[in-house]
Structure formats: structure tokens, C-alpha cells
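# Structural features, examined
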Amino acid sequence: MIELPREERLAAAFVDLADTLVREFDVIGFLYTLAEHCVQLLDVTAAGVLLATPGGRLVDVAATDARTRRLETHSIEGEEGPCWDSFRSKKQVTDVPLATPEARARWPRFAPRAVEAGFASVAACPLRLHDQVIGSLDLFRDRPGPLDASQLRLGQALADTATIGVLQVRAVSEQLTVSAQLQSALDSRVVVEQAKGYLAHRLDTDVEEAFVHLRQYARSHHTRLTELARQVMQGTVDPALFDRHDR
């Protein structure tokens with residue numbers, strides 16, 4: 001497949017993140033899309049997205065790989081890390097080298113775990129609109145050296161666009177409250193994680209490759225990711241999902 005020029009990929013990403021007023025909007029699939037665009041367009045290795053509950057608790061809802069999800073989970077449990085700093089301050093956390101005394105002093109539990117996971121630095125962007133912050137976007141790099149300021153600005157622009165999309169959907173919804181939407185997103189995440197594991201077992205592959213296969217199938221068949229995951233777990237999915245033509 002021929003890769004599109006960067007300008008076209010940038011335009012496609014913003015169009016993708018702006019296209020939220022669709023029937024049965026899928027919050028989980030949307031935030032996975034945000035994370036994936038960040039990895040594709042920025043000089044980062046992985047990305048994770050966290051949303052806040054009405055009570056101010058952060059919950060991990062999307063990550064581009066398993067090690068990032070585990071790290072985000074530890075960060076939430078320890079209530080420290082770039083996601084918390086960005087969410088609480090409503091500001092960006094600029095690129096922070098992780099293997100330094102300063103990072104360990106700032107995040108005594110998070111920084112060592114991040115280094116152990118293979119990451120060299122991290123930055124974070126709040127999911128914000130004016131003074132309202134609904135979560136955080138974490139950007140991880142496994143290469144030394146600072147993240148360029150223009151890259152961080154682009155990451156913030158992607159996060160801002162996604163925030164507008166989520167808030168727009170919330171505003172026009174007449175049947176679900178913000179809390180119910182978040183709970184639905186969390187429930188959907190659980191189903192997606194279960195489907196990833198089941199599909200990995202069926203295809204005799206790792207979870208990351210199984211998830212790529214699941215998303216590609218959902219896109220090519222115009223099916224919501226969470227609906228496809230439910231079909232997998234209910235045993236009603238098209239058997240074609242389990243075909244691997246590359247084998």
C-alpha cells in the first residue's frame with residue numbers, strides 16, 4: 001500500500017476526529033483512533049488516553065499496546081504520572097526524560113515502571129476545552145532526546161479536536177447522561193479486551209496482532225468495534241473473522 005503524503009495524513013486525521021455526529025457513536029473506538037493517529041503522525045512510540053469520571057477519577061480507555069495499558073493502569077492506581085499532572089494542572093506536561101533523578105523524585109512509582117517497560121521519555125496533553133478537562137493523552141517515546149515542540153503542539157491539537165468531538169456528542173445526546181456515557185465506554189472497553197484475548201487464542205497469535213486484525217475487520221465491514229467485540233464474545237460473529245489469509 002502506498003503511504004499518503006504527511007499533509008494528507010494530517011488532514012485525514014483531523015477529519016476522522018471531527019466526524020463524531022454519527023449514529024451510535026463509539027467512544028472507545030474513537031479514542032483508540034486518537035491514540036493511533038498520534039503514533040502515526042508524531043515522533044512517539046506509543047500513546048494512551050484516559051478519561052475522567054464525574055468524581056475526578058481517571059480511567060484508562062485506550063492504549064496503542066499492552067505495555068502502555070499496564071503502565072497507565074499503574075499510574076491510575078498510584079495517582080501519579082504525567083496523566084495526573086496534565087489533568088490536574090489543565091496544562092501540557094512537556095517531554096520528561098524518565099531515567100533521571102528528577103523524574104524519579106517527581107513520580108517515584110511511575111518513572112521506574114516506565115523505564116522498565118522500555119520507555120525513555122513521556123509527555124502529556126490534557127483533553128480540554130477552555131477550562132473543562134475531561135481526561136489526558138499520554139505520549140511515550142522509547143528513543144532518547146526531547147520531543148520537538150512542534151510535535152507536542154500537534155499532539156495537543158489532536159487532543160483538543162478529540163475533546164470537542166466527545167463533548168459535542170455528549171451535548172446532543174438526549175438519552176444518556178455524561179456519567180452513563182462514561183460507564184458505557186468503560187463497559188465497552190472490558191468487552192473489547194475480552195474479545196482481543198479470545199481472538200488471540202483462536203488465531204494462535206499475540207494480543208496486539210489480534211487487536212489489529214479485529215480493528216481491520218471492523219473497518220472493512222463498517223461495524224462498530226465494540227459491537228464486533230460483543231459478537232465475538234457471544235459467539236455470533238461471522239466465522240470469516242477467524243480466517244487469516246496471510247497464513
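Just above, that's the structure.
These numbers were taken from a predicted model, which means no experiment stands behind them. The written sequence of each chain sets the order in which its residues are numbered from 1. Owing to the predicted nature of the model, reporting of local features is limited to residues with pLDDT of at least 70; listing and counting of side-chain atom pairs is limited to 80 or more, with chain, interface and lining totals taken over all residues. Hydrogens and waters are ignored; side-chain quantities use all the structure's heavy atoms.

## Quick word on the nonpolar core
Take the buried residues of types Ala, Val, Leu, Ile, Met, Phe, Trp, Tyr and Cys, join any two whose side-chain atoms come within 4.5 Å, and each joined set is a nonpolar core. Only protein chains enter the accessibility calculation, which uses a 1.4 Å probe; a residue is then buried when its area is under 20% of its type maximum, exposed when over 50%, and partly exposed in between. The biggest cluster of nonpolar side chains holds 56 residues, and the ones touching the most others in it are Leu31, Leu34, Val49, Leu137, Leu139 and Leu214. Residues are treated as being in contact if the distance between any of their heavy atoms lies within 4.5 Å. Those residues in contact with Leu34 that lie beyond four places of it in its chain are Leu17, Val49, Leu127, Leu158, Ala159 and Ala162. The next biggest cluster of nonpolar side chains, apart from the first, holds 14 residues, and it includes Ala46, Ala103, Phe110 and Ala114.

## Things to note about the state of the cysteines
Cysteine sulfurs are considered disulfide-paired once they come within 2.5 Å of each other. Throughout the structure, instances matching the rule amount to zero disulfides. Cys38 carries a free sulfur, and the closest cysteine sulfur to it, the one in Cys125, is 7.5 Å from it.

## Some details on the sheet that holds strand β2 (residues 58-63)
Strand pairing requires that DSSP identify at least two bridges connecting the strands. Each helix is a run of H or I in the DSSP string that is no shorter than four residues. Each strand is a run of E no shorter than two, and both are numbered from the N terminus. If you walk across this open sheet you meet the five strands as β2-β1-β5-β4-β3, and the pairing is antiparallel. The open sheet has two free edges, formed respectively by β2 and β3 (93-97), since each of these has just one partner strand. Adjacent strand axes in the sheet meet at a mean angle of 20°, parallel and antiparallel pairs treated alike. Where strand β1 (residues 46-52) and β2 come together, five bridges link them in antiparallel fashion. Bridge pairing in β2 places Ala52 opposite Leu58. Fitting a line to C-alpha atoms yields each axis, with helices limited to the stretch in contact; the angle taken between N-to-C directions then spans 0 to 180 degrees. Contacts from helix α2 (residues 27-41) reach β1, β2, β4 (121-129) and β5 (132-141) within the one sheet, and its direction differs from that of β1 by about 145°.

## Brief notes about the environment of Leu214
Structurally, the position occupied by Leu214 is in helix α9 (residues 207-220). A relative accessible area of 0% means that Leu214 is categorised as buried. For the pair Leu214 and Leu241, spaced 27 residues apart in sequence, the C-alpha to C-alpha distance is 7.8 Å. Dropping the residues within four chain positions of it, Leu214 is found in contact with Ala195, Leu199, Leu225, Leu228, Val232 and Leu241.

## Re the packing of helix α1 (residues 6-18) against α2
For the pair α1 and α2, interaxial distance at closest approach is 10 Å and the crossing angle is 165°. Looking at the two axes, α1 sits roughly antiparallel to α2. At the point where α1 passes α2, the crossing takes the left-handed sense. Here Arg6, Arg9, Leu10, Ala13, Asp16 and Leu17 of α1 lie close against α2, whose contacting residues are Phe30, Thr33, Leu34, His37, Gln40 and Leu41. Charged means Asp, Glu, Lys or Arg here, nonpolar means Ala, Val, Leu, Ile, Met, Phe, Trp, Tyr, Cys or Pro, and polar covers whatever is left, Gly included. Each residue belonging to the contact of α1 with α2 can be placed in one class, and the counts come to six nonpolar, three polar and three charged. Geometric relationships in this document are graded by angle, where less than 35 degrees denotes roughly parallel, more than 145 denotes roughly antiparallel, 65 to 115 denotes roughly perpendicular, and other angles denote oblique. Note on convention: near helix rotated counterclockwise from far helix by under a right angle means a left-handed crossing. Clockwise means right-handed.

## Brief notes about helix α10 (residues 225-234)
Within α10, the full set of buried residues consists of Leu225, Thr226, Leu228, Ala229 and Val232. Burial along α10 is one-sided: seen end-on, the buried residues are contained in an arc of 160°. The positive-phi residue at the C-terminal boundary of α10 is Gly235, with phi of around 75°. Taking the helix axis as origin, the arc is that swept by the directions to the C-beta atoms.

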